[in-house]
Amino acid sequence: MRSVSPNMSSQSWVSTRDTSSTGKSVSNGLDGSVGFERETRRSTARSLLLVFTATFAMIVNIANTTAVATALPTIGRELQAEEAQLQWLVSAYSLSSGCLLVAFGRLADLHGRRKAFLLGSLWLLAFTIGCGFTNDITTLNILRGLQGVGASATIPAALGILADAFPPSPSRSLAFATFAAGAPIGAVFGNVLGAVLTEYTAKSWRSAFYFLSGLDFICIAGAILSFDKDIPSDENDKRVDWIGAFLVTTGLVLIVFVLGQGEVAPKQWRTPYIIALLIVGVLFIRQLERLLNNQNAGRNNSSWLHSLTTSPPLMKLSLWSRADGKLAATMAVAFLNWCAFMGWLFWVQLYYQNYKQYTAIKTVIRLLPMFVSGLVCTSFVGIMASRVPYVILMVTGTLGASVACVLFSLIDENATYWAFGLPATAISVIGADFVFAGGTLFIAKASLPHEQSVAGALFQTMIQVGTAVGITVSTVVFNRVTKHNGGKISLESYRVAQWTCFAFGCIAMILAALSFGGVGVVGQRKQKHSDMEKIPSDHCANVDGEN
């Protein structure tokens, strides 16, 4: 069994593996050998376009959720839809885009990330246009679910492309930091887009879908012009674990569905189908774990049934134990941080629109500082990731999300926006950018070249599930307080919901402080390629990639 060197904090952290599939030792790319050669052949303009395209895909992905959420009241009036049907316009996209990430990440690693990105973007383009021509709510809900499938293919592919295109260097730090900024920028951009186009264009909410389809086309053009050609996977066994893909996708869909519907079901969490679906979802995930544990044995049997059940696992369980378990800790911190950050954002929007009775435009204006703060955070992480220890990035990020929650937990409804709203909005983005950028840099460094997309997809999945859990738990608390107050929604209900989000942020901060103390920096200062072969052996960390 291989172990991780205590010197893993070194900027020269390199990992190797002995592949059972190829029978030869292969560098995992952390030394940047392949990435360095690619980067030197790529012009600066093409590298910038590559980062822009990947980041733009993230912006479009998030905007597809927030733009529609802003337009929900108008869609409901035009299509004569009930509130429960409208909720599915957001949930259907989130379910399909979040729960298929791991499966598509594996396919991207096996068959080409550029190909996966282009096909996913084309799929997203087609169904985004389709959404704009829909005239009934049921069809729109179905198309929204199909639309999310495209996003689930593009995002893990984009992460893998960035990791492959840039070796450990300041360029990689800046690339990942820029990509991380796509999430908060996309949230604000989508809100602005949905509010402005819905209110000021003749096509109303349909204009948002037409505009987003145009942005999908930009992503496709950017990928064709800038993405490197796919390098064939070095795995000899390229079978896809379809049983594992079915189990993880179905299990996640059921769990996320229950989290989103538990509070609005007829009998809430006591509703029979809510209980049944939660149990089935957990059993599917449990069965996936057993399947992954048993898939390394008996691959020489030629029967079709044996071949189907012993294909290479969708993801190796050893992935969670990389870097002495610090990769698993990174996933947990991301999950908890997004419980806090997205819970905060959800309740801030409801506070402004439902409690303060602001219009969508006025609400969006109050969230615009997130855009500016996101740009500042991106620049900071890109420059300082090679100088600031990983623990500082993660603790600062989780602290930012926690402080934003505290400010709205203590908010005075009569106070000026500058006292609570502005500082909370600006600080909140630190939680998203620092944790996302730092986490993806760490995961790219700890993952092997043939699993970059699936590792990135797993990180994205933890974020998606964290979003669902954070909003669900805080909604339960909000509803309980409202019920205790006789059914009247008061400022206290919003405050308690934010305190709940604050608790998630605090747990994330404590976990980050305890887990990442010895990691060091995850970025890397500029280093000559010839120097990479001179790294002392005691600075190398072997990561178990196959067992």
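All values derive from a computational prediction rather than experimental measurement.

Cut-offs and rules
- Residues numbered from 1 in each chain as written.
- Predicted model: local features only at pLDDT ≥ 70, side-chain atom pairs only at ≥ 80, totals over all residues.
- Heavy atoms only, no water.
- Helix = DSSP H or I, 4+ residues; strand = E, 2+ residues; numbered from the N terminus.
- Buried < 20%, exposed > 50% of the residue type's maximum accessible area, 1.4 Å probe, protein only.
- Contact = heavy atoms within 4.5 Å.
- Areas by Shrake-Rupley, 256 points an atom, 1.4 Å probe, with all protein chains shown as cover.
- Phe/Tyr/Trp six-rings, centres within 6.5 Å; stacked < 30°, edge-to-face > 60°.
- Lys NZ or Arg CZ within 6 Å of the ring centre and 35° of its normal.
- Core = buried A, V, L, I, M, F, W, Y, C linked by side-chain atoms within 4.5 Å.
- Lys, Arg positive; Asp, Glu negative; His and termini not counted.
- Salt bridge = Lys/Arg side-chain N within 4 Å of Asp/Glu carboxyl O.
- Patch = residues over 30% accessible without salt bridge, like charges linked within 9 Å, V, L, I, M, F, W, Y side chains within 5 Å.
- pLDDT = per-residue confidence, 0-100.
- Expected span 1.5 Å × (residues − 1).
- Axes fitted to C-alpha atoms, helices over the stretch in contact; angles between N-to-C directions.
- Parallel < 35°, antiparallel > 145°, perpendicular 65-115°, else oblique.
- Left-handed = near helix turned anticlockwise from the far one by under 90°.
- Nonpolar A, V, L, I, M, F, W, Y, C, P; charged D, E, K, R; others polar.

S.K.: Give a description of the overall build of the chain that names residues and reports values.
M.R.: Along the backbone of the chain there are 18 helices and two strands. Considering the chain as a whole, with its 547 residues, one finds that 57% of them fall into the buried category. A separation threshold of at least 6 residues defines the contact pool for the chain, and within that pool the share at least 24 residues apart is 84%. For the chain, the accessible area works out to roughly 22,000 Å², and carbon and sulfur atoms hold 64% of it.

S.K.: Residues and numbers for the packing of aromatic side chains, please.
M.R.: Two aromatic rings are characterised by how far apart their centres lie and by the angle between their planes. One pass over the full model with this rule turns up 27 aromatic pairs. Taken together, a centroid distance of 5.0 Å and an interplanar angle of 85° make the contact between Phe346 and Trp347 edge-to-face. Judged by its relative accessible area of 3%, Trp347 is buried. Relative to Tyr494, the ring of Tyr351 has its centre 6.0 Å away and its plane inclined at 75°; by these criteria the two rings are edge-to-face. With Tyr351 in helix H12 (residues 326-355) and Tyr494 in helix H18 (residues 491-515), this residue pair connects regions lying 143 residues apart in the sequence. The lysine or arginine in question, Arg366, covers the ring of Tyr358, its NZ or CZ lying 4.2 Å from the ring centre. In this arrangement the basic side chain of Arg366 is found over the ring face of Tyr417, its NZ or CZ atom lying 6.0 Å from the centre.

S.K.: How would you sum up the environment of Leu107? Please name residues and give values.
M.R.: Among the secondary structure elements, Leu107 is positioned in helix H4 (residues 101-111). In this structure the C-alpha to C-alpha distance between Leu107 and Ala157, which are 50 residues apart in sequence, comes to 9.2 Å.

S.K.: Break down the nonpolar core for me, citing the residues and quoting the values.
M.R.: Within the largest apolar cluster, 124 residues are counted, with the highest numbers of intra-cluster contacts made by Phe117, Leu162, Phe179, Trp344 and Phe516. Element by element, the count of residues in this core is highest for H12, at 17 residues. If near-sequence neighbours (up to four positions away) are discounted, Trp344 is found in contact with Met370, Ala404, Cys405, Phe408, Ala424, Thr425, Ser428, Gln498 and Cys501. If you look at the next biggest cluster of nonpolar residues, it comprises 16 residues, including Leu72, Ala81, Cys131 and Ile137.

S.K.: Outline unusual backbone geometry, listing residues and values.
M.R.: Residue Ser204 is not a glycine yet carries a positive backbone phi of 55°. Tracing the backbone shows Ser204 in the loop between helix H7 (170-200) and helix H8 (205-226). Classification of Ser204 by relative accessible area gives buried; the value is 12%. Phi at Gln357 takes a positive value of approximately 60°, unusual for a residue other than glycine. With respect to the helices and strands, the residue Gln357 is situated in the loop between H12 and helix H13 (360-367). For Gln357, a relative accessible area of 60% puts it in the exposed group.

S.K.: Could you give me a rundown of the side chain of Asp433, with the residues and numbers involved?
M.R.: Tracing the chain through its elements places Asp433 in helix H16 (residues 421-446). Although Asp433 is buried, it forms no salt bridge, and the closest oppositely charged side chain is Arg387 at an N-O distance of 17 Å. The residues touching Asp433, leaving out its near neighbours within four places in the chain, are Ala180, Ala181, Pro184, Gly374, Cys377, Thr378 and Gly438.

S.K.: Help me get a handle on a nonpolar patch on the surface, residues and values and all.
M.R.: A cluster of nonpolar side chains, contributed by Phe371, Val372, Leu375 and Val376, occupies part of the molecular surface with about 350 Å² of accessible area. For Val376, the position within the fold is in helix H14 (residues 369-384).

S.K.: Account for the pattern of salt bridges, naming residues and giving values.
M.R.: Per the counting criterion, the structure on display carries three salt bridges. In this structure, Arg113 and Asp109 form a salt bridge, with 2.7 Å as the shortest nitrogen-oxygen distance.

S.K.: Which residues make up the confidence of the model for the chain, and what values do they have?
M.R.: Averaged over all residues, the pLDDT of the chain is 79; the fraction at 70 or higher stands at 80%. Here residues 296-305 is modelled with pLDDT under 50, and outside its nearest four sequence neighbours on either side it reaches 11 contacts, counting other chains as well.

S.K.: Give me the environment of Tyr494: which residues, what numbers.
M.R.: Overall, Tyr494 belongs to the buried group, its relative accessible area being 6%. Tyr494 sits 85 residues away from Ser409 along the chain, and the two C-alpha atoms are 7.4 Å apart. Setting aside residues no more than four positions away along its own chain, Tyr494 makes contact with Trp347, Leu350, Tyr351, Asn354, Tyr355, Phe478 and Ile489.

S.K.: Give a detailed account of helix H15 (residues 390-409), specifying residues and quantitative values.
M.R.: Along its 20 residues, H15 runs 29 Å from first to last C-alpha, staying within 8% of the 28 Å computed at 1.5 Å per residue. Of all 20 residues making up H15, 14 are buried, and the element is well covered by its neighbours.

S.K.: Kindly report on the packing of helix H6 (residues 137-165) against helix H17 (residues 452-484), identifying the contributing residues and their values.
M.R.: Put simply, H6 and H17 touch, their axes get as near as 8 Å, and they point 125° apart. One finds that H6 runs oblique with respect to H17. In the packing of H6 onto H17, the handedness of the crossing is right-handed. Taken together, the residues of H17 that come into contact with H6 (itself represented by Ile155, Pro156, Ala157, Leu159, Gly160 and Ala163) are Gln452, Ser453, Gly456, Ala457 and Gln460. Taken together, the residues of the contact of H6 with H17 sort by class into six nonpolar, five polar and no charged.

S.K.: Can you explain H12? Please cite residues and give values.
M.R.: One full turn of an α-helix is made of 3.6 residues, so residues set three or four places apart face in the same direction. The terminal C-alpha atoms of H12, which comprises 30 residues, lie 41 Å apart, in line with the 44 Å expected from a rise of 1.5 Å per residue. By the criterion of burial, H12 is predominantly enclosed, with 22 of the 30 residues buried. Downstream of H12 by a residue or two, Gln357 has a phi angle that is positive, lying close to 60°.

S.K.: Which residues make up the side chain of Thr55, and what are the values?
M.R.: Mapping Thr55 onto the fold places it in helix H2 (residues 44-79). Leaving out residues up to four positions away in the same chain, Thr55 has contacts with Thr178, Phe179 and Gly182.

S.K.: How would you sum up the environment of Arg114? Please name residues and give values.
M.R.: Note on placement: Arg114 falls in helix H5 (residues 113-132). The contact partners of Arg114, leaving out residues within four places of it in the chain, are Ile161, Ala223, Ile224, Phe227, Asp228, Lys229 and Asp230.

S.K.: Tell me about the packing of helix H9 (residues 242-261) against H17, and please be specific about residues and values.
M.R.: At a closest axis distance of 8 Å, the pairing of H9 and H17 adopts a crossing angle of 25°. Between H9 and H17, the angle is such that the two are roughly parallel. Read as a crossing pair, H9 and H17 show a hand that is left-handed. Between H9 and H17, the contacting residues are Leu252, Val256, Leu259 and Gly260 on the first element and Thr461, Val465, Ala468, Val469 and Thr472 on the second. Taken together, the residues of the contact of H9 with H17 break down into six nonpolar, three polar and no charged.

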